Structure formats: structure tokens, C-alpha cells
Amino acid sequence: MFITACGMVCPIGLTPASACAARRAGISGLKELRIKYRDQPIIGAYVPGLEPTLFGSARILELLVRSLSGVIQTASNDSWTKVPLLVALGEPHRPGGSGNIEDSVILQIQARLGVHFHPTFSTVFSLGHTAGFHALRSARELLKSGIHACVVVAADSLLSSHTLSWLDSQFRLKTEASPDVIIPGEAAA
């Protein structure tokens, strides 16, 4: 298995090349979030250019589409209908997570990008932090079975007040009291 194209949006870059350059330059993208939690500022990282009022499944969809658009434009694939789209998402039941997007995300991505992926093997993995690994394992099995290419995409955002509250209740939110845990952010690749 090898990678022929990649796309990404993250707090320090809207393409893989810009994100790598920013990382090499020591740019972190961390700043005070627009969301306050318990009247305290929270440090986190937004993807630049996304509407601040976009939350939940709408935000996840936008992250997915933006990360895939570069792949669709640059990859030399004339028949996307033969290529499965494997989408990795956060848990649907997690507060502030991907919500009910699981059932329609592939159709929404196809409509937004103007392409159609493999109708049978395209799949969504709503498994949280392990979803990407499940999608990669599925891609490996599909490639072994004769499919010539797969697109694997993952997106998540921890930037909503519901998610921040949930992270805090799980003792996973970086605060003065818990300095060595999650700094909330978002990305898609």
C-alpha cells in the first residue's frame, strides 16, 4: 500500500505542504478560543477560514470537503466510481461530536465535490480516535481483494462548548488544574 495523493486542513495549514512548512517553522496555531469554559479562556486551535458559527456535523462536513478537494483536483483518477471512500469520524454519541452525519456524509461529500465514489465499498467508521486505523485496515483489505485505489479521510473537531464540558468531566481538558491533557483542536486529512 502506498500514498499517491494527500490533502489536509489543520490549524497551521490548509494543505499538507503549508502545514509541514508551518510545523518546520515552529508555528503551533494555538490561541485563546472564542469559547470560554467556566468563565476561563481555553487554549485551542481552529482551522482558519471556517465560519465561527459552524458547529457539529456541518463543521465536520466542511473539514472533510476541504481536505478532499485538493486530492480530487490533483489525483489523476478518471473514474472515482471505482474508488471507495472510507470516512473516519468521531463517536456519534459524543457531546459536540459528528452527530447524525454518519448516514449521509458520503452522499453530502459527493454532492459538494461533484464526484461519485464506489457505491458498494464506500464506508463510514464512527469510532472516535481509532476510526482512522479501522479505515486504513479496510483499505488494505479492499486493495488485497482487487480494488485498485481507496480514499481514506478523517475529521474531528473538539471545539464546541458541549465537547469542552464532556472533556472536562472526563478529566481530559487542559486547564490550570489539569495541565497535561488534551488541548482542543480540529483537523481533517
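Residues numbered from 1 in each chain as written. Predicted model: local features only at pLDDT ≥ 70, side-chain atom pairs only at ≥ 80, totals over all residues. Heavy atoms only, no water.

Novice: Just to check I follow, could you spell out a nonpolar patch on the surface for this structure?
Specialist: Together, Met 1, Phe 133, Leu 136 and Val 152 make up an exposed nonpolar region whose accessible area comes to about 440 Å². Relative to the helices and strands, Met 1 is located in the segment before helix H1 (16-24). (Patch = residues over 30% accessible without salt bridge, like charges linked within 9 Å, V, L, I, M, F, W, Y side chains within 5 Å. Areas by Shrake-Rupley, 256 points an atom, 1.4 Å probe, with all protein chains shown as cover. Salt bridge = Lys/Arg side-chain N within 4 Å of Asp/Glu carboxyl O. Helix = DSSP H or I, 4+ residues; strand = E, 2+ residues; numbered from the N terminus.)

Novice: Even after reading the chapter, I still don't get the nonpolar core, so can you show me in this structure?
Specialist: Across soluble globular proteins, nonpolar side chains have a tendency to be buried as a group. Core analysis: the largest hydrophobic core is formed by 28 residues, its most contacted members being Leu 64, Leu 85, Val 87, Val 105 and Ile 109. Sorting the residues of this core by element identifies helix H2 (56-74), strand S3 (85-89), helix H3 (105-113) and strand S5 (151-157) as the ones contributing at least two each. Considering each element in turn, this core owes the most residues, eight residues, to H2. If sequence neighbours within four positions are ignored, Val 105 has contacts with Leu 61, Leu 64, Val 87, Leu 89 and Val 124. Judged by nonpolar contacts, the second largest core, of ten residues, contains Tyr 37, Leu 158, Leu 164 and Leu 167. (Core = buried A, V, L, I, M, F, W, Y, C linked by side-chain atoms within 4.5 Å. Buried < 20%, exposed > 50% of the residue type's maximum accessible area, 1.4 Å probe, protein only. Contact = heavy atoms within 4.5 Å.)

Novice: Mind showing me how you'd approach empty space enclosed by the protein here?
Specialist: Gaps left between atoms are located by rolling a probe of water-molecule size over the structure's atoms. Counted by the stated rule, this structure contains one cavity of 30 Å³ or more. Counting residues per element, the lining of the largest cavity draws most heavily on H2, at three residues. Residue classes in the lining of the largest cavity are distributed as three nonpolar, four polar and one charged. (1 Å grid on protein atoms, 1.4 Å probe; cavity = no way out; pocket = protein on both sides within 12 Å on 5 of 7 lines; lining within 4 Å. Points joined across faces, edges and corners; volume = space filled by probe spheres on them. Nonpolar A, V, L, I, M, F, W, Y, C, P; charged D, E, K, R; others polar.)

Novice: Which parts of the structure should I look at to understand the environment of Pro 184?
Specialist: Residue placement: Pro 184 occurs in the loop between helix H5 (161-169) and strand S6 (186-188). Contacts of Pro 184, omitting those with residues within four sequence positions, involve Leu 33, Ile 42, Ile 43, Gly 44, Ala 45, Leu 158, Leu 159, Leu 164 and Leu 173.

Novice: Explanation requested: the packing of aromatic side chains in the structure shown.
Specialist: Centre distance and the angle of the planes are the two values used to describe a pair of aromatic rings. Within this structure, the stated rule accounts for one aromatic pair. Relative to Phe 117, the ring of Trp 80 has its centre 5.7 Å away and its plane inclined at 70°; by these criteria the two rings are edge-to-face. In this pair, Trp 80 sits in the loop between H2 and S3 while Phe 117 sits in the loop between H3 and strand S4 (123-126), placing the two residues 37 residues apart along the sequence. Grouping residues by exposure puts Trp 80 and Phe 117 together as buried. (Phe/Tyr/Trp six-rings, centres within 6.5 Å; stacked < 30°, edge-to-face > 60°.)

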